[in-house]
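# Coordinates in review
Residues per chain are reported as follows:
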Amino acid sequence: MSQSALQLFCTFGIFIILLLITGAYCMFVSFNLIRVLIGFEILIKAVTLLIICAGYVCGRTALAQAIVITLIVIEIVVMVVAGGVALWAYRHNKTIDPRKLSNLKG
Amino acid sequence: MTINLILLFALILVALWTVMTIRLIRSIVGLALTSAILSVIMYRLHSPLAAVFELSVCSGLISVIFVTTVSFTQRISKEKLRIRRKERLLKFWYLPVILIATAVMLCQHLLTPQFTLPLLVPAQGLGVRDLLWSCRHLDLLGQVVMLLAGAFGVVILFKESRK
């Protein structure tokens, strides 16, 4: 990797780290299942940008795109199932606050 | 590079707004905006197919899923909203400070950003379609399995809720 490519990657890297911090903070501080999912989404966006940027500076954008497409498909499945779980929790407990999910076994 | 820099700043600001806003619907709109900005960045980084996927699936479909989930839950009263707004401000005022401190630290000590760099021209190789269909069989198999698992999961969740 050339010096200019490394510097470009570092420039994007700063924003990727900031995005990771934003998503992680949202996940750890929120007590709402939907907000936790939103934080998780922001984390995934940071990872997506990282993969695309890495593929770009290495000159292998096709491989990066193939991986990102796989990531997006898995992301949508995870979000659909997690949304269903949040809805299920709301119907059974009338809340989506994870601290109040008292009828979980285990 | 200047446009990329503006897009990256916009991405961070919109993500911050998404996390900090009190209404869930606004958060979902912010998330869709974040995806849209990310897809523009991806397009500019010579990844048009992934950008289209990001725009259509993450900005469109996931927003619809979130809106559907939120619409099934109960709307909170104005009194509760006022209390939660205070709680949320107390929790989240640290976040912009943390982000600015991290950015300053990274710029000064760890990384040396060059904002005036020209964009690189990627090397030509196999196309995405060729790569996906000929070299990444296992990924495709994994995607099919995940889609089936997701579909079954949703069916089971909603079936149980009808009882």
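Described below are features of the structure shown in this document.

### Considerations on the overall build of chain B
- Along the backbone of chain B there are seven helices and zero strands.
- Residues classed as buried in chain B amount to 21% of the 163 residues present.
- Here the contacts in chain B between residues at least 6 apart in sequence split such that 57% fall between residues at least 24 apart.

### Structural notes on the overall build of chain A
- The secondary structure content of chain A amounts to three helices and zero strands.
- Compactness check: chain A gives a C-alpha radius of gyration of 18 Å against a globular reference of 13 Å for 106 residues, more than 25% above the reference.
- Within chain A, the fraction of its 106 residues that count as buried is 48%.
- In chain A, of all internal contacts separated by at least 6 residues, the share reaching a separation of at least 24 is 44%.

### Quick notes on the nonpolar core
- Within the largest apolar cluster, 59 residues are counted, with the highest numbers of intra-cluster contacts made by Leu19, Ile34, Leu49, Ile52 and Ile69 of chain A together with Leu11 and Ile41 of chain B.
- Elements that contribute at least two residues to this core include exactly helix 1 (3-29), helix 2 (33-58) and helix 3 (61-93) of chain A together with helix 1 (2-20), helix 2 (24-44), helix 3 (48-72) and helix 6 (128-135) of chain B.
- For this core, the element with the most residues is helix 3 of chain A, which contributes 14 residues.

### Overview of the interface of chain A and chain B
- Contact residues are listed per partner, giving 58 residues for chain A and 69 residues for chain B.
- Among the elements of the structure, helix 1, helix 2 and helix 3 of chain A are those that each provide at least two residues to the side of chain A that touches chain B.
- The biggest single contributor to the side of chain A that touches chain B is helix 3 of chain A, with 25 residues.
- Taken together, the residues of the side of chain A that touches chain B sort by class into 40 nonpolar, 13 polar and five charged.

Conventions we followed
- Residues numbered from 1 in each chain as written.
- Chains lettered and ligands numbered in written order.
- Predicted model: local features only at pLDDT ≥ 70, side-chain atom pairs only at ≥ 80, totals over all residues.
- Helix = DSSP H or I, 4+ residues; strand = E, 2+ residues; numbered from the N terminus.
- Buried ≥ 20, exposed ≤ 12 C-beta atoms within 10 Å, placed from the backbone.
- Contact = placed C-beta atoms within 7 Å.
- Rg over C-alpha atoms; globule rule 2.2 N^0.38 Å.
- Core = buried A, V, L, I, M, F, W, Y, C linked by C-beta atoms within 7 Å.
- Nonpolar A, V, L, I, M, F, W, Y, C, P; charged D, E, K, R; others polar.

So far we have only geometry, and geometry alone does not tell us how the molecule works.
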